[in-house]
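# Observations on the three-dimensional arrangement
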Amino acid sequence: MRILVLSDLHANATALETALTAANGRWDRVVCLGDVVGYGPDPNEVTSKIRELDAQTIRGNHDKAATGLMPTDDFNPVAKAAVDWTRSQLSPENLKWLAELPQGPLAVNGIVLVHGALQDEDEYVFTPAQALEGLLDSAAGVTFFGHTHHQGGFSYSNTSNNLEMLNLRPRPSESVSALRTTGGLRYLLNPGSIGQPRDGDARAGFAIADLEHEIVEFWRVPYEIASVQSRMRAARLPEALVQRLSLGR
Ligand code: ZN
């Protein structure tokens, strides 16, 4: 079974369509680590597409905020403005679907899905110390997480007690880099963000996991950022959110 792993789509329909075209024919099912909406100009298009793909999806903090399940007091003014706009745009059906998304961790097809961290769906995992708790707790050898919008991950060996940070991003001139997973090691992997990458590479990120063949591919695909930016400006979304798409930060 080849699993297409999507995360942090953030209502960016152009990035999602481009990623799906690149991944066409390479997967058997889709999973999504949350933040379907928020920031971007296409909340209904992206939510409807994820529903149409029948992607097993867990909720992210922006999905919770947009549907009123989480207060936005902690959000900065720019993120809050996007949350309010998103809520005003979503159709009743899409709003309902987003509000009913399950919380991670969720085990599917031999992997575990979380939005932030295993112990807390809203927590960011950037450092090995933050990753360790989850690596020790997870019920599966491979756990996928999102939330940071940084493609990459960690591996941990129980026997040698060794935790490694993995550099998994394809080079700028390449679109795929492959990780060979080793039985006995535990992995915490971030497929990268579809709709708002923040790791310095503006290309949309995703992963394709084939656990039978012990391989996880990390993809980056360029998409037409300018068309998304013009829709964001037309919707009067904050300019800071428009600009960061070109920077990948
Ligand atoms: Zn996000």
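Above this text you will find the structure in question.
Definitions and limits used
Residues numbered from 1 in each chain as written. Predicted model: local features only at pLDDT ≥ 70, side-chain atom pairs only at ≥ 80, totals over all residues. Heavy atoms only, no water. Helix = DSSP H or I, 4+ residues; strand = E, 2+ residues; numbered from the N terminus. Rg over C-alpha atoms; globule rule 2.2 N^0.38 Å. Buried < 20%, exposed > 50% of the residue type's maximum accessible area, 1.4 Å probe, protein only. Lys, Arg positive; Asp, Glu negative; His and termini not counted. Charge placed at Lys NZ, Arg CZ, Asp CG, Glu CD. Axes fitted to C-alpha atoms, helices over the stretch in contact; angles between N-to-C directions. Parallel < 35°, antiparallel > 145°, perpendicular 65-115°, else oblique. Contact = heavy atoms within 4.5 Å. Nonpolar A, V, L, I, M, F, W, Y, C, P; charged D, E, K, R; others polar. Donors = N, O, S within 2.8 Å, 3.2 Å for Na, K, Ca; no water. Tetrahedral: all angles 85-135°; square planar, octahedral: opposite > 155°, others 65-115°. Pairing = 2+ DSSP bridges.

### Some points on the overall build of the protein chain
Scanning the protein chain from terminus to terminus reveals 8 helices and 12 strands. Its C-alpha atoms give the protein chain a radius of gyration of 17 Å, near enough to 18 Å, the size a compact globule of 249 residues would have. For the C-alpha atoms alone, the extent of the protein chain along its principal axes is close to 55 × 40 × 30 Å. Counting the 249 residues in the protein chain, one finds 56% classified as buried. The averaged location of the 30 negative side-chain charges in the protein chain is 4 Å from the averaged location of its 22 positive side-chain charges.

### Overview of the packing of helix 1 (residues 13-23) against helix 2 (residues 43-52)
Axis separation between helix 1 and helix 2 bottoms out at 9 Å; the angle between their running directions is 30°. In terms of axis orientation, helix 1 runs roughly parallel to helix 2. Residue-level contacts link A13, L16, E17 and L20 of helix 1 to E45, V46 and K49 of helix 2. Residues belonging to the contact of helix 1 with helix 2 are distributed by class as follows: 4 nonpolar, no polar and 3 charged.

### Points about the coordination of the zinc ion
Perfect tetrahedral coordination of a metal by four donors corresponds to 109.5 degrees between them, and perfect octahedral coordination by six donors corresponds to 90 or 180 degrees. Within the protein, D8 (OD), H10 (NE2), D35 (OD) and H149 (NE2) serve as the donor atoms for the zinc ion, at 2.1 to 2.3 Å. Taken together, the 4 donor atoms surrounding the zinc ion define angles of 84 to 177° at the centre, an arrangement classified as irregular. Counting gaps between the donor residues of the zinc ion yields the pattern D-x1-H-x24-D-x113-H. Remark: H149 occurs in the loop between strand 6 (142-144) and strand 7 (152-157) and D35 occurs in the loop between strand 2 (29-32) and helix 2; sequence separation between them is 114 residues. With relative accessibility at 2%, the residue D35 sits in the buried group. Assessed through its relative accessible area of 2%, H149 is described here as buried.

### Focus: the sheet that holds strand 1 (residues 2-6)
One open sheet accounts for 6 strands, arranged 3-2-1-11-12-9; its pairing is mixed. If you trace the sheet from one side to the other, it starts and ends with strand 3 (56-57) and strand 9 (176-180), each paired once. Note that strand 1 and strand 11 (residues 204-210) share 4 bridges and pair antiparallel. Bridge assignment links L4 to a residue of strand 11, and that residue is I208. On the sheet, helix 1 packs against strand 1, strand 11 and strand 12 (215-221) and is oriented at approximately 35° with respect to strand 11.

### Some details on the sheet that holds strand 8 (residues 162-166)
Sheet architecture is open: 6 strands sit in the order 4-5-6-10-7-8, paired in mixed fashion. With partners counted over all chains shown, the strands left at the sheet margins are strand 4 (106-108) and strand 8, one partner each. Direction aside, the axes of adjacent strands within the sheet are offset by 20° on average. By the bridge criterion, 5 bridges tie strand 7 to strand 8 in an arrangement that is antiparallel. Bridging from a neighbouring strand, F154 pairs with M165 of strand 8.

Function cannot be inferred from these measures alone, as they are strictly geometric.
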